[in-house]
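Residue-level structure breakdown
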Amino acid sequence: MTDKIKAKFAEKALPLAKEMKEYVKEHGDMIIDTVSISQLYGGMRDVLSLITETSLLDAYKGISFRGYSIPELKELLPKAPNCTEPLPEGIFYLMLTGELPTADDVKQVSAEWQKRSAVPQFVFQVLDTLPVDTHPMTQFSTAIMALQNESVFAKKYEEGMSKADYWDATYEDAMNLIAKLPRIAAYIFRRTYHSGNHIAPDPTLDWAGNFAHMLGIDAPEFKSLMRLYLTIHVDHEGGNASAHTTHLVGSTLSDAYLSFAAAMNALAGPLHGLANQEVIRWIFNMLDELGTQRPTQEQIEQYIRSTLAAGKVVPGYGHAVLRSPDPRFIAQMEFCKQYFPDDPIVNVVWDIYAVAPKVLGSIGKIKNPYPNVDAHSGATLVHYGVNQYNFYTVLFGVSRALGVLASLCWDRALGLPLERPKSITFEWMKNWVAQQKSEQVSAN
Ligand code: CMX
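Every value quoted in this text rests on a predicted model; they were computed, and no experiment measured them.

Rules and cut-offs
Residues numbered from 1 in each chain as written. Predicted model: local features only at pLDDT ≥ 70, side-chain atom pairs only at ≥ 80, totals over all residues. Heavy atoms only, no water. Near = heavy atom within 4 Å. Polar contact = N/O pair within 3.5 Å; in protein donor to acceptor, adjacent residues only side chain to side chain. Areas by Shrake-Rupley, 256 points an atom, 1.4 Å probe, with all protein chains shown as cover. Nonpolar A, V, L, I, M, F, W, Y, C, P; charged D, E, K, R; others polar. Phe/Tyr/Trp six-rings, centres within 6.5 Å; stacked < 30°, edge-to-face > 60°. Helix = DSSP H or I, 4+ residues; strand = E, 2+ residues; numbered from the N terminus. Buried < 20%, exposed > 50% of the residue type's maximum accessible area, 1.4 Å probe, protein only. Lys NZ or Arg CZ within 6 Å of the ring centre and 35° of its normal. Pairing = 2+ DSSP bridges.

Bringing the site of the ligand into the picture now. The immediate surroundings of the ligand are formed by 20 residues, with His272, Tyr317, Lys365, Lys367 and Asp374 found nearest. Within the side chain of His272, an N or O atom sits 2.6 Å from an oxygen atom of the ligand. The separation between a nitrogen atom of the ligand and a polar main-chain atom of Tyr317 is 2.7 Å. Contact with the protein chains hides 75% of the accessible area of the ligand, taken as 900 Å² for the molecule alone. Each residue belonging to the shell around the ligand can be placed in one class, and the counts come to ten nonpolar, six polar and four charged.

As structure tokens, this is what we get:
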């Protein structure tokens with residue numbers, strides 16, 4: 001039997017969606033209040049409406065954290081012994097306090113996270129009730145929600161906490177949550193891909209090194225990669241979907257667990273963090289279809305064109321703000337050049353990089369034809385045998401916690417209010433535009 005409600009919705013919505021598109025083409029430049037009609041329909045691009053202290057994105061230079069670029073931070077942030085990559089503890093300290101950390105500051109962050117890292121048994125029990133083929137991001141979000149039972153903010157709010165103390169309770173939640181995420185993520189990895197054969201944490205290791213250890217990859221080089229990976233994915237100013245979600249949900253005084261779980265649901269979308277799993281899948285599909293491990297640049301170009309012709313996006317390319325190659329892509333490329341320049345899949349990534357900007361740029365509508373952070377990470381992980389693609393976004397999520405939760409501490413310290421932008425209807429807009437036009441006619 002046909003679903004009458006669905007048919008009714010399609011009958012109403014599809015012609016109206018077409019009408020709206022045409023309308024935006026014609027009237028897109030008109031400014032209502034301070035925003036153009038194109039921006040209203042265009043995902044609010046360039047609408048200045050948020051304050052975020054932790055990082056700032058420049059379309060051409062890429063991300064900077066409290067004024068420092070990724071290459072600068074690779075030099076300036078403290079490192080683990082015998083490791084060339086920065087410790088994520090350092091970038092967290094920088095984002096939270098605005099100051100570059102000393103080696104001692106970073107040791108203190110490590111020690112705090114170590115002290116707070118025990119995950120209550122009930123979180124593992126919740127995870128164990130989920131079918132083992134549940135997507136790792138769904139498992140991750142579920143585990144964070146289960147952990148909400150531990151929220152200091154929620155308990156203190158119930159006891160009548162003063163507004164002046166919101167930041168303090170938020171800081172406690174943020175630190176407790178960040179400390180526990182590697183264990184939770186590793187538990188998901190091992191239950192999903194290693195028959196529940198778990199690895200106990202090593203309290204002598206730093207946050208990222210211990211995470212690598214619990215995943216089951218103890219090579220020092222992989223620990224270095226994790227330190228780099230978890231440093232460069234932390235933050236991308238305030239408007240990206242995971243940061244903005246944390247801020248929006250947090251603005252209702254939902255605690256850090258509720259806000260961060262919501263952010264992870266945003267990160268799990270293929271236009272955002274899930275692109276990292278989509279990229280490697282796209283690459284392996286290309287190699288399968290072409291029947292070669294080393295396609296020529298002409299073959300890659302053809303494959304990109306066939307992806308576009310099928311009405312799909314080329315994952316790992318494009319960005320809402322960036323208009324140049326992502327420095328986070330470049331940082332990963334440099335790591336691979338240093339440690340394994342001859343890796344075959346990594347070389348395919350570099351060949352795509354040589355071809356894709358030209359092809360994507362040639363079709364005109366794509367504003368940024370360059371690679372983003374997700375274009376490289378999968379190939380780097382595959383080099384170390386981490387070929388469980390569906391897990392990749394969890395790694396991104398563990399890192400993203402550092403930026404968005406440092407920001408949440410700032411939101412509460414600044415006493416930022418409930419976020420509540422204004423919306424209008426198409427009808428309202430049409431009436432407004434018509435009125436403006438008739439006023440113009442009478443003025444002439
Ligand atoms: N492949 C094919 N088409 C693309 C494209 C890509 N990589 N990037 C943009 N486009 C298309 C858009 O889909 C849009 O098409 P329509 O007009 O038909 O809707 C058009 O080009 C204009 O888009 P845009 O203004 O250049 O880009 P947006 O700001 O709208 O979107 C993004 C940005 C990232 C969603 C988009 O570039 C994309 O879908 N990229 C592939 C997915 C991806 O890599 N996401 C990860 C981003 C980084 C992250 O958050 O982790």
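Resuming the write-up.
Let us look at the packing of aromatic side chains. Across all of its chains, the model carries 18 aromatic pairs by this definition. When the centroid spacing of 5.1 Å and the interplanar angle of 90° are considered together, the rings of Tyr23 and Phe426 count as edge-to-face. Remark: Phe426 occurs in helix H20 (residues 426–443) and Tyr23 occurs in helix H1 (residues 4–27); sequence separation between them is 403 residues. The pair Tyr23 / Phe426 is uniform in exposure class, with both members buried. Centre to centre, the rings of Phe153 and Tyr157 are 6.2 Å apart; their planes meet at 15°, and the pair counts as stacked. Residue Phe153 and its partner Tyr157 are located together in helix H8 (residues 152–158), separated by four residues, close to a single helical turn. If you follow Lys337 out to its NZ or CZ, it ends over the ring of Trp350, 5.5 Å from the centre.

What follows deals with the pairing of strand S3 (residues 55–58). Only one face of S3 is covered, namely the face carrying Ser55 and Leu57; the face carrying Leu56 and Asp58 is uncovered. In the sheet, S3 pairs with strand S4 (residues 62–65) via four bridges, with the strands oriented antiparallel. Note on S4: the bridge partner recorded for Asp58 is Gly62. Between S3 and the antiparallel strand that follows it, S4, lie three residues.

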